[in-house]
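Each chain, letter by letter, is given below.
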Amino acid sequence: MAVRVQEQDFDLAAEITGFGAGAGAVVTFTGIVRNNASGNLCEMVIEHYPAMTKTALEGIEAEARTRWALSDCLIVHRYGRLKPDQQIMMVATASAHRRDAFEAAEFLMDYLKSRAPFWKKEITAQGDSWVDSKTADEDALKRWQ
Amino acid sequence: MAVRVQEQDFDLAAEITGFGAGAGAVVTFTGIVRNNASGNLCEMVIEHYPAMTKTALEGIEAEARTRWALSDCLIVHRYGRLKPDQQIMMVATASAHRRDAFEAAEFLMDYLKSRAPFWKKEITAQGDSWVDSKTADEDALKRWQ
Amino acid sequence: MIDVLYFAWVRERIGLPREQIETKAATVADLISELSGREDRYALAFSDLKAICVAVDQTLVSLDAPIGNAREVAFFPPMTGG
Amino acid sequence: MIDVLYFAWVRERIGLPREQIETKAATVADLISELSGREDRYALAFSDLKAICVAVDQTLVSLDAPIGNAREVAFFPPMTGG
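Residues numbered from 1 in each chain as written. Chains lettered and ligands numbered in written order. Predicted model: local features only at pLDDT ≥ 70, side-chain atom pairs only at ≥ 80, totals over all residues. Heavy atoms only, no water.

Take the arrangement of the chains next. Among the three pairs of chains that make contact, the interface with the largest number of contacts is formed by chains A and B. A gap remains between chain B and chain D, with no contact made and the closest C-alpha atoms lying 10 Å from each other. (Contact = heavy atoms within 4.5 Å.)

On to the interface of chain B and chain A. In many analyses, interface size is given as the accessible surface area lost on bringing the parts together. With 29 residues of chain B in contact, the opposing surface of chain A contributes 29 residues. Between chain B and chain A, the buried area comes to about 2,600 Å², and carbon and sulfur atoms account for 52% of it. In terms of surface lost to chain A, no three residues of chain B exceed R34, R98 and F102 of chain B, which account for 26% of the buried area on that side. Here chain B is connected to chain A by 13 residue pairs in polar contact (both at pLDDT 80 or more). At the level of elements, α1 (12-16), β2 (25-32), α3 (98-115) and α4 (135-142) of chain B are the ones that each hand at least two residues to the side of chain B that touches chain A. Looking at the side of chain B that touches chain A residue by residue, the classes come out as 14 nonpolar, six polar and nine charged. The sheet contact formed by strand β2 (residues 25-32) of chain A and β2 of chain B spans seven bridges and is antiparallel. Among the inter-strand pairings, F29 of chain A is bridged to a residue of β2 of chain B, identified as V27 of chain B. (Buried area = accessible area lost by both parts, 1.4 Å probe. Polar contact = N/O pair within 3.5 Å; in protein donor to acceptor, adjacent residues only side chain to side chain. Helix = DSSP H or I, 4+ residues; strand = E, 2+ residues; numbered from the N terminus. Nonpolar A, V, L, I, M, F, W, Y, C, P; charged D, E, K, R; others polar. Pairing = 2+ DSSP bridges.)

Moving on: the interface of chain C and chain B. Contacts between the two partners involve 18 residues from chain C and, on the opposite side, 23 residues from chain B. Taken together, the two surfaces of chain C and chain B that pack against each other cover about 1,700 Å², and 59% of this comes from carbon and sulfur. Three residues, M79, T80 and G82 of chain C, lead the burial of chain C against chain B; their summed loss comes to 40% of the area buried on that side. Linking chain C with chain B are two salt bridges. At the level of elements, α1 (8-14) and β5 (72-76) of chain C are the ones that each hand at least two residues to the side of chain C that touches chain B. If one sorts the elements of the side of chain C that touches chain B by residue count, α1 of chain C sits on top with four residues. Class assignment for the residues of the side of chain C that touches chain B results in 11 nonpolar, four polar and three charged. (Salt bridge = Lys/Arg side-chain N within 4 Å of Asp/Glu carboxyl O.)

The next point concerns the relation of the copies chain B and chain A. Under the fitted operation, chain B is carried onto chain A by 0.0 Å of movement along the axis and a turn of 180°, and the coordinates agree to an RMSD of 0.0 Å. The operation mapping one copy onto its partner corresponds to a two-fold rotation axis. In this assembly the copies share their binding face: 100% of the residues contributing to the interface of chain B also contribute to that of chain A. (Least-squares fit on C-alpha atoms with pLDDT ≥ 70 in both.)

What follows covers the side chain of H48 of chain B. Relative to the helices and strands, H48 of chain B resides in strand β3 (residues 41-48). Reaching out from H48 of chain B, the side chain makes a polar contact with the side chain of T53 of chain B at a distance of 2.8 Å. Beyond its immediate sequence surroundings of up to four residues, H48 of chain B is in contact with V5, T53, Y79, P117, F118 and W119 of chain B together with F7 of chain C.

On to the packing of aromatic side chains, then. The final tally for this structure, using the stated rule, is 26 aromatic pairs over all chains. Judged by centre distance (5.4 Å) and plane angle (15°), the rings of F29 of chain A and F102 of chain B are stacked. On the criterion of chain membership, the pair formed by F29 of chain A in strand β2 and F102 of chain B in helix α3 is interchain, its members lying in two chains. Taken individually, F29 of chain A and F102 of chain B each receive the classification buried, so the pair is uniform in this respect. Both rings, one in W119 of chain A and one in F7 of chain D, keep their centres 5.1 Å apart while their planes meet at 10°; by these two values the pair is stacked. Linking W119 of chain A in strand β7 (residues 118-124) with F7 of chain D in the loop between β1 (2-6) and α1 (8-14), this pair reaches from one chain into another. Look at W119 of chain A and you get buried, because its relative accessible area is 1%. Following the ring pairs from residue to residue traces out a cluster consisting of Y49 and W119 of chain A together with F7 and F76 of chain D. Sitting over the ring of W9 of chain D, R13 of chain D keeps its end group 4.2 Å from the ring centre. Between the NZ or CZ atom of R38 of chain D and the centre of the ring of Y42 of chain D, over which it lies, the distance is 5.4 Å. (Phe/Tyr/Trp six-rings, centres within 6.5 Å; stacked < 30°, edge-to-face > 60°. Buried < 20%, exposed > 50% of the residue type's maximum accessible area, 1.4 Å probe, protein only. Lys NZ or Arg CZ within 6 Å of the ring centre and 35° of its normal.)

Turning our eyes to something else, we now look at the packing of helix α2 (residues 50-67) of chain B against α3 of chain B. Residues and elements named next belong to chain B. At their nearest, the axes of α2 and α3 sit 10 Å apart, and the two run at 150° to each other. It follows from the interaxial angle that α2 and α3 lie roughly antiparallel. Viewed along their axes, α2 and α3 form a crossing whose handedness is right-handed. Here A56, L57, I60, E61, E63, A64 and R67 of α2 lie close against α3, whose contacting residues are F107, L108, Y111, L112 and R115. For the contact of α2 with α3, the per-class residue count stands at eight nonpolar, no polar and four charged. (Axes fitted to C-alpha atoms, helices over the stretch in contact; angles between N-to-C directions. Parallel < 35°, antiparallel > 145°, perpendicular 65-115°, else oblique. Left-handed = near helix turned anticlockwise from the far one by under 90°.)

Structure, rendered in structure tokens:
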């Protein structure tokens, strides 16, 4: 079980080597910087609230562990300046059963999207803009309530 | 897009290097041989129907691609003799949106479990037994119908 | 002549992985009846039809499916992949 | 004295990431009113309260939450992690 917030990149393969030993099912999710609709994204800047971030992620992870039988769980989230196609974050879940591993990973992602103190800003040659939160992301949380 | 059926092991990291370039969301599922309830599993033998397997997997993958907007999709399934903690199979999905990637991966797994021609046999010092299909696995398909 | 294939415990009960059969069976169910009438090992393998799946020319079908000009019929228990 | 922190466009509109404030505000909403009365940049940052989230001592709370003996109040737009 681990939560990490870091500026540097991560290696999915290294992260899940030995992950969830003895589990039958391992699910991973990797979030990657996509270009914007105009295709002119130079950078994505991710700001966070250092004093709160790790605690918030640990709280989300702890909640997932009370809901599903997980033999392992990992959240890694980056901050700082990222280019298109670079990795932003990952979660991994391990369980005896595939449904638990899938649901827990989706739960973690849904909460990370709108309950962990990160903010994304898109930098383009035409200017900067903060990424708006999506109604769909807020709606996604209702599934777990 | 690819489907592979093979006896040798696979390397998740290598499989998803460059996978779904340009996508925002990548989900992977890895199935691993678990020990049985008695803890005496020596080997898991996976039999398959070579003339049908690849076609069946390609059909399941094609169906997933009609239902979700996937920029990439991969299924790797092993056959032969496996030890506890060895990898059995994996799927990976890439999409612009996390929900599509998650749902498609769950769909692939649900269909692989009971519509792809693989059969598992547990070998123990006390004897061999074919793994029974689970009602829960058949029920899981109803979600997609 | 069609190829008839058996997998997993169906193969073990019948005692062979495949055989060529000369049959006039119109449907899969007819073919099962014909095989079951041959020898006990077939009757045993097909004793619980709820536990039998079938593919005609590598496509899953129901037990009442026609065989037509199929070249290959395969019998096996419910699949347990993944 | 409490530390007041601002993030993302709230930080940009107010023009600083954090400051120390002497306040008698009982609730977060009181603190927002007090800040908004100071200068236009605060009033602008807090002009749409539906777009403002708040954490008191690193815990998300609603705008009517009491401040009590909190040491840190943070204002920011809806989060966009993941």
